[in-house]
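# Coordinate inspection notes
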Amino acid sequence: MGVTLIGVPYDAASSFLRGAAEAPAKIRRVLFSPAGNLWTELDADLGAPGALDDAGDLAVPEESAAARAAITAGVREVLDRGGRPLVLGGDHAVTLPVIEGVHAVHGPVAVLHVDAHPDLYDEFEGDRFSHACPFARIMEAGLARRLVQVGIRAATGHQREQARRLGVETIDMAAWVAGARPILDAPLYVSVDLDGLDPAFAPGVSHREPGGLSVRDLIGLLHALPAPVVAADVVEYNPRRDVDGVTAVVAAKVVKELAGVMAR
């Protein structure tokens, strides 16, 4: 198996607006639309036999623990067949159970996390498994040997302290503009929250935060990744907030270029 899409239509851990559960179908519709093609900018043909598989959408219950178990099991099934999972979220809470599945096969991985927010709360509104908390749980459990966050521009004091406590490496937007770039090693997991992009490029997210990355910034970052990228996710697209489908097109582009990098 090659790179394998897995839809995770789950947004019950969202803290502000729901709608991200509707994203996998919207992203696929654009990705496989005859309006475009499946060649990436790095000359990978994702339409070639075996290059890009699709495992469909997981059946994910609303209840938090059951949802996490279902997601981990679905990811493990793909990994056990030799695939590289590329998860279409869903809210960012799905990253924790996905990485739990990846850890069972690959051990602790380096993680590149693109986001406006660190998602490092110890708990948010009484929920330790909110989409505002996954990277705190990941680091506490030793699932990642490094966590490098890029695009951060909405960190609270608590999350800054959490980043120091957990040893998180942060390239916030001020550092990015000043020229800082991550130095990454493999095996690598990539998590892209689409609100890491400036809302001028991706308005279809629940938490719009101005001053972010451009689409070209993100694509350049992905193209420079070291191999192997063993798994990844693209999360937090909210079709209910989109403008003329612009963010669906951006999400599909990010998925395509990320899949091409994973297929190397």
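Residues numbered from 1 in each chain as written. Predicted model: local features only at pLDDT ≥ 70, side-chain atom pairs only at ≥ 80, totals over all residues. Heavy atoms only, no water.

## Description of the environment of Glu-161
- Turning to its location among the elements, Glu-161 is positioned in helix 5 (residues 157-166).
- The exposure class assigned to Glu-161 is partly exposed, which follows from its relative accessible area of 43%.
- Expressed as a C-alpha distance, the spacing of Glu-161 and Val-150, which sit 11 residues apart in the sequence, is 17 Å. (Helix = DSSP H or I, 4+ residues; strand = E, 2+ residues; numbered from the N terminus. Buried < 20%, exposed > 50% of the residue type's maximum accessible area, 1.4 Å probe, protein only.)

## Some words on the packing of aromatic side chains
- Throughout the structure, instances matching the rule amount to 1 aromatic pair.
- The ring of Trp-176 has Arg-181 lying over it, and the distance from NZ or CZ to the ring centre is 3.6 Å. (Phe/Tyr/Trp six-rings, centres within 6.5 Å; stacked < 30°, edge-to-face > 60°. Lys NZ or Arg CZ within 6 Å of the ring centre and 35° of its normal.)

## Brief notes about the nonpolar core
- Judged by nonpolar contacts, the single largest core of 47 residues is most densely connected at Leu-86, Leu-112, Val-190 and Leu-225.
- In terms of residue count, the dominant contributor to this core is helix 8 (residues 246-262) (10 residues).
- Among the nonpolar cores identified, the runner-up in size contains 35 residues, and Tyr-10, Leu-58, Val-230 and Ala-231 belong to it. (Core = buried A, V, L, I, M, F, W, Y, C linked by side-chain atoms within 4.5 Å.)

## Concerning the sheet that holds strand 5 (residues 144-152)
- Overall, parallel pairing links the 8 strands, which are arranged 2-1-3-8-7-4-5-6 in an open sheet. Here the strands that pair on one side only, and so sit at the sheet edges, are strand 2 (52-57) and strand 6 (169-172). On average, adjacent strands in this sheet sit at an angle of 15 degrees to one another, irrespective of strand direction.
- Sheet analysis places strand 7 (residues 188-193) next to strand 8 (residues 229-235), joined by 6 bridges and oriented parallel. The residue of strand 8 that forms the bridge with Leu-188 is Val-229. (Pairing = 2+ DSSP bridges. Axes fitted to C-alpha atoms, helices over the stretch in contact; angles between N-to-C directions.)

## Section: unusual backbone geometry
- For the bond from Gly-89 to Gly-90, the omega torsion is 15 degrees, close enough to zero to count as cis.
- One can find Gly-90 in the loop between strand 3 (84-89) and helix 3 (95-106).
- Of note in the backbone geometry, Asp-119 takes a positive phi value of approximately 55 degrees without being a glycine.
- Of note, Asp-119 is situated in the loop between strand 4 (109-114) and helix 4 (134-140).
- In this structure, Glu-236 takes a positive phi of about 70 degrees despite not being glycine.

## Here's the deal with the pairing of strand 8
- For strand 8, a buried count of 7 out of 7 residues is recorded, marking the element as mostly surrounded by other parts of the structure.
- Note that strand 3 and strand 8 share 3 bridges and pair parallel. By the bridge assignment for strand 8, Val-87 is matched with Asp-233.

## Re helix 2 (residues 64-80)
- Between the first and last C-alpha of helix 2 there are 24 Å, a value that for 17 residues agrees with the 24 Å anticipated at 1.5 Å per step.
- Along helix 2, the residues classified as buried are Ala-67, Arg-68, Ile-71, Thr-72, Gly-74, Val-75, Val-78 and Leu-79. With its buried residues spanning 160 degrees around the axis, helix 2 presents them on a single face.
- Turning to helix 2, the residues buried within the fold contact strand 1 (3-8), strand 2, strand 3 and helix 3. (Expected span 1.5 Å × (residues − 1). Arc of directions from axis to C-beta. Contact = heavy atoms within 4.5 Å.)

## What about the side chain of Thr-40?
- One can find Thr-40 in the loop between helix 1 (23-31) and strand 2.
- On the basis of relative accessible area, Thr-40 is assigned to the buried category, the value being 9%.
- Ignoring any residue separated from it by four or fewer positions in sequence, one finds Thr-40 in contact with Leu-46, Lys-256, Glu-257 and Gly-260.

## Some remarks on the packing of helix 7 (residues 215-223) against helix 8
- For the pair helix 7 and helix 8, the least separation of the axes is 9 Å and the interaxial angle reads 15 degrees. For the element pair helix 7 / helix 8, the angle class is roughly parallel. The handedness of the crossing between helix 7 and helix 8 is right-handed. Taken together, the residues of helix 8 that come into contact with helix 7 (itself represented by Val-215, Leu-218, Ile-219, Leu-222 and His-223) are Val-250, Lys-253, Val-254, Glu-257, Leu-258 and Val-261.
- Of the residues in the contact of helix 7 with helix 8, the class split is 8 nonpolar, 1 polar and 2 charged. (Parallel < 35°, antiparallel > 145°, perpendicular 65-115°, else oblique. Left-handed = near helix turned anticlockwise from the far one by under 90°. Nonpolar A, V, L, I, M, F, W, Y, C, P; charged D, E, K, R; others polar.)

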